[in-house]
Amino acid sequence: MYLKIISIYSLSLILLLSSCSGKKEEEKTVYENKKFAKTEQNTVQLSAQQFQSVGLTTTAVQKKTMQKSVRLNGKVDIAPSHISSVSSIMGGHIKSIQVINGSHFNKGQILAVVEDPQFIQLQQDFLVTKAQLESARLNLNRQKDLNISKASSDKTLQTAQADFATLNATLKGLEEKLRIIGVNAKSLHTGNIRSRINIYAPFSGFVSKILVNNGQYINPSDTLFELINPAGLLLELKVFENDVNDVKKGQEILVYNNQNPDNKSNAKIVSIVPSIENGGSSVAIAKLSSPNPDFIKGMYINAEVNISSRYTIGLPNESVVSFENKNYIFEDLGNKKYQMIPVNVGISDQNFTEILKADNFKDKKIVQKGAYSLLMLLKNKSE
């Protein structure tokens, strides 16, 4: 009976050890299979027919002088110094408005006409004072002659001189007021007194806002128009942190809008804001080299900045493929077998892409033509 119990115990122990051993072997096999699968999922083995169909070619990492191109985006703005508010020097009623919102105007063009009786009074005062000044001048000359012969007193002469000086100062002031409201005092006479004055454009530009309407009474402090001088057009461009050190004041850039991307205009960076905002970007301010009516305030734009050339190592563009926001190349392992290797890329142009840490691929055969086909085969294999 005792021996029988020992035998059963021994058998159970053997079965338990055997079971544990079996599980370890199974786990080892699964691990090795997974390891094998992980290695194999990055390689492609082509058949002779596939190799013939794909038409693969290989290349090697190459040294090249490249020019970095940075793409920026932003919008058009106007310098505050080139946005003008226009008002009337004197109050009155708006008789007519000669422009509309967004319209172009030339310097000296009539923007609006204002009417008020006080304009008549100002011209009348000028003409009356002008006549009085002439009378005062004649009287002063007469008093000078009389004073020489002692026919009049010094006090009378002094009074004549004061009257002439007072009227002359008054006339000069009235003449300046007329000039400000656009009336030529030298050509003014009783036959051309008018009740209306014109509001003229101080420069050539565009109407941004019209703040009045016909018949409205305006005060001298009221703004009639907001005008934009295109000479103050500025381009506010967002520069990401990675490119801040490459974008500098004085650089020439090409600018275009989304509506007409083929029509590119030359501009120059005139200022860099020396700070990084919360979004991880700074701001570059640029000015167009020549006026372009296609660019208006608030429009979104794009820009291209070519950075100075630098010597680098890389591969032809078709050697580098992208999948799930990562970049890869394929190494030729021989016997129609190819391995996909992740890489980090730098700058690129139309034909060439910089490969960071390219020394790791020195003396290796890298697939050029057919890299994308290998990627498709590898994806299908994984699926």
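Residues numbered from 1 in each chain as written. Predicted model: local features only at pLDDT ≥ 70, side-chain atom pairs only at ≥ 80, totals over all residues. Heavy atoms only, no water.

**A few points about the packing of aromatic side chains**
Selection rule: The aromatic pairing rule takes the rings of Phe, Tyr and Trp, using the six-membered ring of Trp, and pairs them if the centres are within 6.5 Å, calling planes under 30 degrees apart stacked, those over 60 edge-to-face and the rest tilted. Secondary structure elements follow DSSP: runs of H or I no shorter than four residues count as helices, runs of E no shorter than two count as strands, and numbering proceeds from the N terminus. Only protein chains enter the accessibility calculation, which uses a 1.4 Å probe; a residue whose area is less than 20% of its type maximum is buried, one above 50% is exposed, and one in between is partly exposed.
With the rule as written, the count across this model stands at one aromatic pair. Residues Phe105 and Phe203 carry aromatic rings whose centres are separated by 6.0 Å and whose planes lie at 50° to one another, so their mutual orientation is tilted. Note that Phe105 is positioned in strand β6 (residues 104–105) and Phe203 in the loop between β8 (196–200) and β9 (205–210), a separation of 98 residues in sequence. You can call Phe105 buried: its relative accessible area is 0%.

**Side note on the pairing of strand β15 (residues 281–288)**
Using the following cut-off: A pair of strands is considered paired only if DSSP assigns at least 2 bridges between the two.
When you tally the buried positions in β15, you get six out of eight residues, the bulk of the element. Pairing analysis gives six bridges linking strand β12 (residues 233–240) to β15, with the strands arranged antiparallel. Each residue of the ladder has a partner; that of Leu237, found in β15, is Ala284. As paired elements, strand β14 (residues 265–272) and β15 share five bridges and run antiparallel to each other. From the neighbouring strand, Ser271 faces β15, where its bridge partner is Ile285.

**Observations concerning the packing of helix α3 (residues 117–148) against helix α4 (residues 154–180)**
The condition is simple: Comment: axis = line fitted to C-alpha atoms, over the contacting stretch for helices; angle = value between 0 and 180 degrees taken between N-to-C directions. Any angle that falls under 35 degrees is termed roughly parallel, while one over 145 is termed roughly antiparallel, one within 65 to 115 roughly perpendicular, and all others oblique. Here is the rule for handedness: rotate from the far helix to the near one, and if that takes an anticlockwise turn smaller than a right angle the crossing is left-handed, while a clockwise turn gives right-handed. Polarity classes work like this: nonpolar for Ala, Val, Leu, Ile, Met, Phe, Trp, Tyr, Cys and Pro, charged for Asp, Glu, Lys and Arg, and polar for all others, with Gly in that last group.
Packing of α3 against α4 brings their axes to within 8 Å, and their N-to-C directions diverge by 155°. Here α3 is positioned roughly antiparallel relative to α4, judged by the angle of their axes. At the point where α3 passes α4, the crossing takes the left-handed sense. Class assignment of the residues belonging to the contact of α3 with α4 gives a composition of twelve nonpolar, ten polar and seven charged.

**Overview of the sheet that holds strand β11 (residues 223–228)**
The sheet built from four strands is open, its strands ordered β4-β11-β9-β6 with antiparallel pairing. Single-partner strands in this sheet number two, and they are β4 (83–87) and β6. For β6 and β9, the ladder comprises two bridges, and the chain directions are antiparallel. From the neighbouring strand, His104 faces β9, where its bridge partner is Phe206.

**Structural notes on the sheet that holds β8**
Taken together, the four strands give an open sheet; going across it, the order is β8-β7-β5-β10, and neighbouring strands pair in antiparallel fashion. Edge positions in the open sheet fall to β8 and β10 (217–218), since each of these has one partner strand only. Alignment of strand β5 (residues 92–97) against strand β7 (residues 110–115), held across four bridges, turns out to be antiparallel. By the bridge assignment, Ile97 is partnered in β7 with Ala112.

**Details of α3**
To be explicit about the condition: What a helix is expected to span follows from its residue count: subtract one and scale by 1.5 Å. We call two residues in contact whenever any of their non-hydrogen atoms come within 4.5 Å of each other. N or O atoms within 3.5 Å of each other form a polar contact, as long as, within protein, one can give a hydrogen and the other can take it, and as long as residues adjacent in sequence are counted only when both atoms are side-chain atoms.
Its 32 residues place the ends of α3 47 Å apart at the C-alpha level, agreeing with the 46 Å of an ideal helix rising 1.5 Å per residue. All of the buried residues along α3 are Phe119, Leu122, Gln123, Phe126, Leu127, Thr129, Leu133, Ala136, Leu140, Gln143 and Asn147. For α3, the secondary structure elements touched by its buried residues are β7, α4 and β8. Where α3 begins, one side-chain oxygen reaches toward the backbone nitrogen of Gln118, 3.1 Å away; that side chain belongs to Asp116. Once α3 finishes, Lys150 follows within two positions and takes phi at roughly 65°, a positive value.

**Regarding α4**
The end-to-end C-alpha distance of α4, which contains 27 residues, comes to 39 Å, matching closely the 39 Å that a straight helix rising 1.5 Å per residue would cover. When we look at burial in α4, the residues that qualify are Leu157, Ala160, Leu167, Leu171, Leu174 and Leu178. Looking one or two places after α4, you find Gly182, whose phi comes out positive at around 90°.

**Some thoughts on the nonpolar core**
Inclusion rule: Among buried residues, those of type Ala, Val, Leu, Ile, Met, Phe, Trp, Tyr and Cys that are joined through side-chain atoms within 4.5 Å constitute a nonpolar core.
Judged by nonpolar contacts, the single largest core of 32 residues is most densely connected at Phe126, Leu178, Phe225 and Leu227. Within the residue set of this core, elements represented by two or more residues are β7, α3, α4, β8 and β11. Ignoring anything within four residues of it in the chain, the contact list for Phe225 reads Ser84, Ser85, Val86, Ile97, Val99, Leu111, Ala112, Lys209 and Ile210. Counting residues in hydrophobic clusters, the runner-up holds 23 residues, among them Ile78, Val255, Met299 and Ile301.

**Some details on the confidence of the model for the protein chain**
Rules: Values of pLDDT, ranging from 0 to 100, describe the predictor's confidence in every residue of the model.
The predicted model of the protein chain has a mean per-residue pLDDT of 84, with 88% of residues at 70 or higher. Highest mean pLDDT in the protein chain belongs to β10 (96); lowest belongs to helix α1 (residues 2–40) (42). Here residues 1–39 is a poorly scored stretch, pLDDT under 50, and it has zero contacts once near neighbours within four places are set aside; other chains count.

**Structural notes on the pattern of salt bridges**
Filter applied, for reference: Any carboxyl oxygen of Asp or Glu that lies within 4 Å of a side-chain nitrogen of Lys or Arg is treated as forming a salt bridge with it.
Taken as a whole, this structure holds nine salt bridges when the rule is applied. The closest approach of N and O atoms between Glu304 and Arg71, which form a salt bridge, is 2.9 Å. One end of the pair, Glu304, is in strand β16 (residues 300–316); the other, Arg71, is in strand β3 (residues 62–78), and 233 residues separate them in sequence. On the basis of relative accessibility, which here comes to 16%, the residue Glu304 falls in the buried class. Exposure remark for Arg71: the relative accessible area of 57% places this residue in the exposed category. The closest approach of N and O atoms between Lys264 and Glu304, which form a salt bridge, is 3.1 Å. Pair noted here: Lys264 is in the loop between β13 (252–257) and β14 and Glu304 is in strand β16, with a separation of 40 residues, a long-range link. Residues joined in a network through salt bridges with shared partners are Arg71, Lys264 and Glu304.

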